[in-house]
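Residue-level structural notes
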Amino acid sequence: MKKQGFKYSVMIRIFQHILAAFVVFIVISAVVGTSVVINSAGKDISYNLYESDRSRSYEESYLFNNIFGNNMSNVFRLVAERTQLETKGQYDGKKVIDVTAYVSKGSVLPGDYITANYYLSDLLNWGKSGFEYKKMKFTPEDSKAFLSRTTTYTHLNNNVISGGMNSYLSSQLDDNSFTFPISASTDPEGGEYNILTTRYKTTDGKEIQNLVSTWEDYNLLASYVDESANNLVLNFTEYSKLINYYSYQNSNLRYYITRMINGKTEVYTNVEDLKEEIPGVDVLERFKKYGKYIYYCPYELMYDTNTLINENTVRSVIKTYSYAYPDQIKVYIAVDTNGYPASDDFSKGKASFSKYMPYRSQLYIVCGLAVLLYLILFTVYIVKIPVRENADCNHKRIGTELLIILCMAIMAVPFVIVGIVINVWHVNFGRILRHVLFPYYGIISSVVIDIGLLSLVYGLVQKGKDTVLWEDSVLKKIVALFRKMILNTTNNTSVIVRTWIPYVLFVVINFLLFKIGILGIVIAGFLDTLVGLYLYRQNFDREGIIHVIENIKKGDVSAKVDVSELHSDNISLAEAVNSIGEGIKIAVNTSMKDEKLKADLITNVSHDIKTPLTSIINYVDLIKREDIDNEKVKEYVEVLESKSQKLKQLTEDLVEASKISSGNISIQLGKIDFVEFINQTIGEFYEKFETKSLTLIFKHEEQSMCINADARHLWRVVENLLNNVCKYALSGTRVYMDMAYIKEGDRKKKVEFSVKNISETELNIGVDELTERFIRGDESRTTEGSGLGLSIAKNLTIAQGGEFEIKLDGDLFKVVISFEHME
């Protein structure tokens, strides 16, 4: 009988191992069959394979267009780097770099600024060698001798910032700048300063200290040299890789990009015979012959393509490198699909295009059934595990902790092997996952892991049924050893015993164990825990009261102290705490009832309004479709439609404001590029600003500034702010939007975003009132709106952990929001 039961259990386990291996094999095959990893310019990029692409050719598929989009972005970055490192299409080590203009290429330079000009090759060599600083002490006389008596300023003759031009591009124009010195008004102070070790001099043979007369300017200019050199090294490294990767011979992608600066046309291409601008050559027709192409010319408002990539995508990618691309550019990008002569992303994508795993949904269903059967067998096996009598006498049992360690070690073996492969062969897990043999390795690994898992679970269950789980534990023996000592000590009512014995034990035992080393420290930590239990037992009465007070403080007003186990004056204290909790509970219940009544009232009224309002809107729409000759009636219908839509918006805003105030919203914080987010929002409000004749000016400290926020709720905040501008800003004025970092020392702590506009009406209202519900900027209430926009924006900002502030200065209206910065 026992042999038959043993045979039965072995068969169940083997079948469970087979099911686990089957599930893992299908999952790995499905993952591999629905995506492809392509090494693009040294980076592994994963692309999804779509079932809908099975009916399309490769060139019409989402896979092809995703690869095209990624490579297009790489080319725009490559060309931006070429503009920094090349002259007439060739790397130019003698190219002069204005370090201040280079570092500030994302912002506008002042008319006169302090800078230093270095040769490109010198900055690259300096950046590769590293920057060294020496801390030196200077007396006022030393400072005066070290620094120049004048500060050299650079002036840009033509600092144009329109038409896509910027200060960085203007600084690169020939004969567009001149320098002039200004004498120092005061002598420099003495002190301790970090002095940059000069490895290379400027183009005119000077060092930084020869160009400035103050320590503040010296430190600033040194930081610009340091930052520009390091950035150029990074760009040069990527440039060297990309220029080779996207050469005509190594890539199927062809590009021809021109930009016009100050009447001169610069050409950047990987097509050899197009490196010079050749009159009479129809570049677009030539690129069309390659196969799939994109043509984009912003100043002619032209966009032509036979791909799935839209104009907004191209524009947004170019905007990332706006410092290199003025408005006067032409972009031709194509993929040579005529046989794919080169081995690159596109040819690899074509080879992987047919790997999509068919019948994936059906296999997932079979997988689900296999998992369900596994769990059924798992449950049946646990139920069938017999209770053994005299388990301690029949055989030698393995300790509980040893069982856990052995089984965990078995389960860790497959992961250790994968880790070794990753470290030895320097490959990532994505490459391993898509290896042709990995599904079979997954089968073996799943069996090994399943053996360890089932042995652990079934072993612990067997010990539990035999009631020896705790008895077999080594921990039990240690606990039992000290339990008696603790209980004996806590039964002694002497204050001296309760106070000094734990202290003496703590000092003596820790001192002896720390002498042993790491093992002694571990043991000391465990024994200190037992001493903590001892102290806890001595102060149990008061700790119980404190615990209840903490619960009441956290909101658990129903918490009570058990008075029956307390002694002395702790009873009075506990009764007082219980009375306080009861009083708070009554007050909280009353407040919650009032809040619930208010929320229910808003919800019910909004719902009751919505039903007839929907009918009104529908019937108004039906009336509008009728052929109405009476102009007066048409006017009435327009008014009726406008007011009904306004009432609909009001009810929706009212419900949302109620949800926010009651906390009935979900917040999912994540990393958001705030600059890109605002740019997208501005695009959606473009028509509204244009209709109101408002000019939008958006300045940001960096091209990418990330925050921690909820994208959906952040959109509502920014939408409400811009809607508020459209409603109340004075027509024909400028609206300023600024984004900057709030720093603590050198650390970027928050990102602050502000919106400023001139109010159309006089602002005879307080700042605090503007964020109250149903408060509007025009007291005549002639504009559309519910008066809830700023209230909703403020509450949503605070709910995401941000800050919201309104500032008024006469008719100047300013809103400032800030969120936590994320790297």
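Before any of the text, the structure's been laid out above.
Note that this is a predicted model, so its numbers are computed, not measured.

Scoring rules and cut-offs
- Residues numbered from 1 in each chain as written.
- Predicted model: local features only at pLDDT ≥ 70, side-chain atom pairs only at ≥ 80, totals over all residues.
- Heavy atoms only, no water.
- Helix = DSSP H or I, 4+ residues; strand = E, 2+ residues; numbered from the N terminus.
- Contact = heavy atoms within 4.5 Å.
- Areas by Shrake-Rupley, 256 points an atom, 1.4 Å probe, with all protein chains shown as cover.
- 1 Å grid on protein atoms, 1.4 Å probe; cavity = no way out; pocket = protein on both sides within 12 Å on 5 of 7 lines; lining within 4 Å.
- Points joined across faces, edges and corners; volume = space filled by probe spheres on them.
- Nonpolar A, V, L, I, M, F, W, Y, C, P; charged D, E, K, R; others polar.
- Pairing = 2+ DSSP bridges.
- Axes fitted to C-alpha atoms, helices over the stretch in contact; angles between N-to-C directions.
- Core = buried A, V, L, I, M, F, W, Y, C linked by side-chain atoms within 4.5 Å.
- Buried < 20%, exposed > 50% of the residue type's maximum accessible area, 1.4 Å probe, protein only.
- Expected span 1.5 Å × (residues − 1).
- Phe/Tyr/Trp six-rings, centres within 6.5 Å; stacked < 30°, edge-to-face > 60°.
- Lys NZ or Arg CZ within 6 Å of the ring centre and 35° of its normal.
- Left-handed = near helix turned anticlockwise from the far one by under 90°.

**A few points about the overall build of the chain**
- The helix and strand tally for the chain stands at 26 helices and 23 strands.
- A fraction of 72% describes how many contacts in the chain between residues 6 or more apart in sequence connect residues 24 or more apart.
- For the chain, the accessible area works out to roughly 46,300 Å², and carbon and sulfur atoms hold 57% of it.

**A few points about the layout of surface pockets**
- Estimates place the volume of the second largest pocket at around 1,300 Å³.
- If you trace the second largest pocket, you find 50 residues lining it, with Thr-87, Lys-95, Gln-172, Leu-173 and Asp-174 closest to the centre.
- If one sorts the elements of the lining of the second largest pocket by residue count, strand S13 (residues 264-269) sits on top with six residues.
- Classifying every residue of the lining of the second largest pocket by side-chain character gives 15 nonpolar, 18 polar and 17 charged.

**With respect to empty space enclosed by the protein**
- Here the structure, examined in full by the defined rule, presents two cavities of 30 Å³ or more.
- Empty space within the second largest cavity amounts to approximately 30 Å³.
- If you trace the second largest cavity, you find it lined by Leu-721, Asn-724, Val-725, Val-755, Asn-757, Leu-790, Phe-813 and Val-815.
- For the lining of the second largest cavity, the secondary-structure elements that each account for two or more residues are helix H24 (711-728), strand S21 (747-758) and strand S23 (812-820).
- A per-element tally of the lining of the second largest cavity places H24 first, with three residues.
- Partitioned by chemical class, the residues of the lining of the second largest cavity number six nonpolar, two polar and no charged.

**Observations regarding the environment of Ala-729**
- Inspection of the secondary structure puts Ala-729 in the loop between H24 and strand S20 (734-744).
- Considering only alpha carbons, one finds Ala-729 and Lys-692, 37 residues apart in sequence, at a separation of 8.4 Å.
- Filtering out sequence-adjacent residues up to four positions away, Ala-729 remains in contact with Lys-692, Leu-694, Asn-724, Asn-757, Ile-758 and Glu-760.

**Some remarks on the sheet that holds S21**
- Read across the open sheet, the five strands follow the order S18-S20-S21-S23-S22; overall the sheet is mixed. The sheet is open, and its two edges are formed by strand S18 (695-700) and strand S22 (803-809), each paired on a single side. Looking at each pair of strands side by side, their axes are set apart by 20° on average, direction ignored.
- For S22 and S23, the ladder comprises seven bridges, and the chain directions are antiparallel. Looking at the pairing, Asp-809 lines up with Leu-812 of S23.
- Those strands touched by H24 are S20, S21, S22 and S23, and its axis lies near 170° from that of S23.

**Concerning the sheet that holds S13**
- On the basis of which strands lie adjacent, the open sheet formed by five strands has the order S13-S12-S16-S14-S15 and antiparallel pairing. A strand with exactly one partner marks an edge of an open sheet, and here the two such strands are S13 and strand S15 (302-305). Pairwise comparison of adjacent strand axes, ignoring direction, gives a mean angle of 10° for this sheet.
- Two elements, strand S14 (residues 291-297) and strand S16 (residues 329-336), share six bridges in a ladder whose sense is antiparallel. Pairing of Tyr-296 across the sheet is with Val-331, part of S16.

**Concerning the nonpolar core**
- Of all hydrophobic cores here, the largest spans 76 residues; its most connected members are Phe-68, Phe-76, Tyr-325 and Phe-346.
- With 13 residues, the top contributor of residues to this core is helix H7 (residues 215-245).
- Setting aside residues no more than four positions away along its own chain, Phe-76 makes contact with Ile-257, Val-314, Val-317, Ile-318, Tyr-321, Tyr-325, Val-331 and Ile-333.
- In terms of nonpolar packing, the next biggest core, distinct from the first, is built from 42 residues, Ala-709, Met-739, Leu-790 and Val-815 among them.

**A few points about helix H15 (residues 438-465)**
- Here H15 spans 39 Å end to end across 28 residues, near enough to the 40 Å set by a 1.5 Å rise per residue.
- Where H15 terminates, the next one or two residues include Thr-467, which has phi positive at roughly 55°.

**Describing the pairing of strand S19 (residues 706-709)**
- Residue alternation in S19 divides its side chains into two sets, Cys-706 and Asn-708 and Ile-707 and Ala-709, and both sets are buried.
- Strand direction decides the pairing type here: strand S17 (residues 670-673) and S19, joined by four bridges, are antiparallel. Bridge pairing in S19 places Asp-673 opposite Cys-706.

**Some thoughts on the packing of aromatic side chains**
- This structure, assessed with the given rule, holds 33 aromatic pairs.
- Both rings, one in Phe-146 and one in Trp-215, keep their centres 5.7 Å apart while their planes meet at 15°; by these two values the pair is stacked. Here Phe-146 is found in helix H5 (residues 140-146), whereas its partner Trp-215 is found in helix H7, with 69 residues between them in sequence.
- Taking 6.0 Å as the distance between ring centres and 20° as the angle between the ring planes, the aromatic pair formed by Tyr-153 and Phe-180 counts as stacked. Taken together, the positions of Tyr-153 in strand S9 (residues 150-156) and Phe-180 in strand S10 (residues 177-183) put the pair 27 residues apart, joining distant regions of the chain.
- Given a relative accessible area of 23%, Tyr-153 falls into the partly exposed group.
- On the accessibility criterion, Phe-180 (22% relative accessible area) is partly exposed.
- One aromatic cluster is present, formed by Tyr-58, Phe-64, Phe-68, Tyr-340 and Phe-346 through successive ring pairs.
- Here the basic side chain of Lys-105 rests over the ring of Tyr-102, its NZ or CZ set 3.9 Å away from the ring centre.
- One Lys or Arg, Lys-105, reaches over the ring of Tyr-323 and ends 5.3 Å from the middle of that ring.

**Points about the packing of helix H2 (residues 62-85) against helix H9 (residues 311-320)**
- Packing of H2 against H9 leaves a shortest axis separation of 10 Å and a crossing angle of 35°. Seen along the crossing, H2 lies across H9 with a hand that is right-handed. Where H2 approaches H9, its residues Met-72, Ser-73 and Phe-76 are matched on the opposing element by Thr-313, Val-314, Val-317 and Ile-318.
- By residue class, the composition of the contact of H2 with H9 is five nonpolar, two polar and no charged.

**Notes on the environment of Leu-640**
- Here Leu-640 lies in helix H21 (residues 631-662).
- Leu-640 gets classed as partly exposed once you look at its relative accessible area, which sits at 41%.
- Taking the C-alpha atoms as reference points, Leu-640 and Ile-616, 24 residues apart in sequence, are found 8.9 Å from one another.

**Some details on unusual backbone geometry**
- A positive phi is found at Leu-301, a non-glycine position, where the angle reads about 55°.
- Mapping Leu-301 onto the fold places it in the loop between S14 and S15.
- Residue classification places Leu-301 among the exposed positions, given a relative accessible area of 75%.
- With a phi close to 55°, Thr-467 is a non-glycine residue in the positive phi region.
- By secondary structure assignment, the location of Thr-467 is in the loop between H15 and helix H16 (474-490).
- A residue is classified by how much of its surface remains accessible, and Thr-467, at 64% relative accessible area, is exposed.

**Describing the side chain of Thr-154**
- Relative to the helices and strands, Thr-154 resides in strand S9.
- Judged by relative accessible area, which is 5%, Thr-154 ranks as buried.

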